[in-house]
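Secondary and tertiary structure notes
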Amino acid sequence: MSARPDLVAATDIDRWLTAGATIIDARSEGEYAEDFLPGAINHPVLNNEERARVGTVNKVESPFAAKRVGAPLVVRNVADMIEKHFAGMPKDWAPLVYCWRGGKRSGTLTWLLREIGFDAKQLAGGYKAFRARVNAELPQLAQRFRYVTICGCTGTGKTALLTALADAGAQVIDLEGLANHRGSLLGARDTPQPSQKRFDTLLWNALRTLDPARPVFVESESKKIGLVQMPDAMREQMSAGECVWLEVPLAARVAHIATEYAHFVSDPQALMEKLQPLKELRGAKQLLAWQQMADRRDTDALFASLMVDHYDPLYTTAIRRNYTRLDQSPQIAITTLTGANLAAAAAELRAQFDPA
């Protein structure tokens, strides 16, 4: 791409996406929080406040004035990070450095590291070029694979089965894990979801390491998982692929949900606050019945009713609409969601779909 030995194109960064390589994100902590290259560590050349200050000077006064303000900040920050983080690195250390567009922030850090004697490289085009690569490749990657989708009603342990499949050596993409959301009204976790850009990067990085010759097991999901959504190409490929129906007795599902949502068991009123948006769909009478169960702290009955009266009909309709081959698909029956039973189900699925 360029005669400069310190420049690397976004299409040529794969050797830094392996264990032991160093990628330095020289952007501010706010930029880093939205998304970053897989494995990148954040060492801001300008932090949030400094970047805003320099940007204001650039807008109000001039680019020259902004550089005059920013230069000493950059020099001090780079000197500080070298002393604190990079001074002990071996001579053959070869980090990849990037900023937003491959400009002065990453350029300054790369230049100084190379002056020391390290074989530092700068990502040409910066994060923006990497993001363009993800956008271009993600739909193609998503369509490369033969997906086996685990379908089933709420509480049937679909995510737990994916974990058992991964433990058994199968290829698995845990979409809810990547999205940090369980994919329903009650699916929010204690920590925030990633941005859409971050989710895209996580999914891209997971898919690019898989073998297209083998199936990939996934869980049935709607288009949106909380606030993020999977690529249309992946949803279409999943819908056209094979699927499995997971059948688990209601009592076992209730026990599983009570474990997964233990915070609602200890605070049923918090659960009722989450359920208020369902009043229009399910009616005031149903909400009152759920409220009475919560008042009695009968969370088993409340979870059972939520599944039977709300989630089961809702999800069954959606699953049958999205997976037209469901009626011809095999069923996996698990009586209780124990580790041994999940491992046995995983072994059965591997033998059927992924015998290698």
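All chains use their own residue numbering, which begins from 1 and follows the written sequence. Residues qualify for local features only when their pLDDT is at least 70, as the model is predicted, and side-chain atom pairs are given and counted only at 80 or more; totals for whole chains, interfaces and linings, by contrast, use all residues. Here the side-chain values reflect all heavy atoms present in the structure, with hydrogen atoms and water set aside.

Runs of E in the DSSP output that reach at least two residues are strands. Runs of H or I that reach at least four are helices, and both are numbered from the N terminus. Here P38 lies in the loop between helix 1 (29-34) and strand 3 (41-42). For the pair P38 and L202, spaced 164 residues apart in the sequence, the C-alpha separation amounts to 7.6 Å. When residues no more than four places from it in sequence are discounted, the contact partners of P38 are L17, I23, F130, T201, W204 and N205. Throughout, a residue-residue contact means that at least one pair of heavy atoms, one from each residue, lies within 4.5 Å.

Let's shift gears to the packing of helix 5 (residues 126-142) against helix 8 (residues 196-208). Note on definitions: angles span 0 to 180 degrees between N-to-C directions of axes, and those axes are lines fitted to C-alpha atoms, for helices only across the stretch in contact. Closest axis-to-axis distance for the helix 5/helix 8 pair is 9 Å, and the angle between their directions is 55°. Relative to helix 8, the element helix 5 lies oblique. The handedness of the crossing between helix 5 and helix 8 comes out as left-handed. Facing helix 5, whose interface residues are Y127, F130, R131, R133, V134, E137, L138, L141 and A142, helix 8 presents K197, D200, T201, L203, W204, L207 and R208. Each residue is assigned to one of three groups, with Ala, Val, Leu, Ile, Met, Phe, Trp, Tyr, Cys and Pro labelled nonpolar, Asp, Glu, Lys and Arg labelled charged, and all others, Gly among them, labelled polar. Taken together, the residues that form the contact of helix 5 with helix 8 break down as nine nonpolar, one polar and six charged. Should an angle fall under 35 degrees it is taken as roughly parallel, and over 145 as roughly antiparallel, whereas 65 to 115 is taken as roughly perpendicular and any remaining angle as oblique. By definition, turning the near helix anticlockwise from the far helix through less than a right angle yields a left-handed crossing, and turning it clockwise yields a right-handed one.

With that settled, consider the pattern of salt bridges. Close approach of charged atoms lets side chains of opposite charge pair. In what follows, salt bridge is the name for a side-chain nitrogen of Lys or Arg lying within 4 Å of a carboxyl oxygen of Asp or Glu. Here the structure, examined in full by the defined rule, presents 20 salt bridges. Here K197 ties to E34 by a salt bridge, and the two come within 3.9 Å at their closest N and O atoms. In this pair, K197 is assigned in helix 8 and E34 in helix 1, connecting sequence segments 163 residues apart. Here the term buried applies to any residue with accessible area under 20% of the maximum for its type, exposed to any over 50%, and partly exposed to those in between, with areas from a 1.4 Å probe on protein chains only. Overall, the relative accessible area of 39% leaves E34 in the partly exposed class. Between D312 and R253 there is a salt bridge; the shortest N-O distance is 2.6 Å. Taken as a pair, D312 in helix 15 (residues 299-322) and R253 in helix 10 (residues 250-260) lie far apart in primary sequence, 59 residues in all. Taking the relative accessible area as the measure of exposure, D312 reaches 13% and is therefore buried. Owing to a relative accessible area of 6%, R253 belongs among the buried residues under this scheme.

The subject of this paragraph is the nonpolar core. Ranked by size, the top nonpolar core spans 45 residues in total, and within it L37, I173, L207 and M234 carry the most contacts. Contributing elements (two or more residues each) for this core: strand 4 (96-98), helix 5, strand 6 (147-152), helix 7 (175-179), helix 8, strand 8 (216-219), helix 9 (232-240) and strand 11 (242-247). The element that contributes the greatest number of residues to this core is helix 5, accounting for six residues. Ignoring anything within four residues of it in the chain, the contact list for M234 reads A142, Y147, I173, L175, L203 and V218. In this text, buried Ala, Val, Leu, Ile, Met, Phe, Trp, Tyr and Cys residues form a nonpolar core when linked through side-chain atoms within 4.5 Å.

On to the side chain of N180. Its location among the elements puts N180 in the loop between helix 7 and helix 8. Its relative accessible area of 16% is what places N180 among the buried residues. Residues within four places of N180 in sequence aside, it is in contact with R189, T191, P192, Q193 and P194.

Aromatic contacts are taken between Phe, Tyr and Trp rings whose centres are within 6.5 Å, Trp giving its six-membered ring; a plane angle under 30 degrees counts as stacked, one over 60 as edge-to-face, and the others as tilted. By the definition in use, this model includes 10 aromatic pairs. Consider the rings of Y32 and F36, whose centres lie 4.2 Å apart with planes at 10°: the pair is stacked. With respect to class, Y32 is no different from F36; both count as buried. Each ring, one from W93 and one from F118, has its centre 5.0 Å from the other, and the planes form 85°; the classification is edge-to-face. With a gap of 25 residues between them, W93 in the loop between helix 3 (63-86) and strand 4 and F118 in the loop between helix 4 (104-116) and strand 5 (121-123) connect regions that are remote in the sequence. Assessed through its relative accessible area of 8%, W93 is described here as buried. An aromatic cluster is present here, built from W100, Y127, F130 and W204 joined pairwise through their rings. As a reminder, the over-ring test applies to NZ of lysine and CZ of arginine, requiring each to be within 6 Å of the ring centre and within 35 degrees of the ring normal. One Lys or Arg, R182, reaches over the ring of Y261 and ends 4.7 Å from the middle of that ring. Against the face of W204 rests R208, its NZ or CZ located 5.4 Å from the ring centre.

Turning our attention to the sheet that holds strand 3. Pairing is parallel across the open sheet formed by five strands, whose spatial order is 1-5-4-2-3. Of all strands in the sheet, those bounded by a partner on one side alone are strand 1 (7-8) and strand 3. Strand pairing is assigned whenever DSSP detects at least two bridges linking the two strands. Here strand 1 runs beside strand 5; their pairing, made up of two bridges, is parallel. Paired with L7 across the strands is Q122, a residue of strand 5.

Further remarks concern the sheet that holds strand 6. Strand order in the open sheet made by the five strands is 7-8-6-11-12, with parallel pairing throughout. Of all strands in the sheet, those with a lone pairing partner are strand 7 (171-172) and strand 12 (331-333), marking the two edges. As defined by bridge partners, strand 6 adjoins strand 8 across four bridges and the pair is classed as parallel. The partner of Y147 across the bridge, within strand 8, is V216.

Read these as spatial facts, not as claims about activity.
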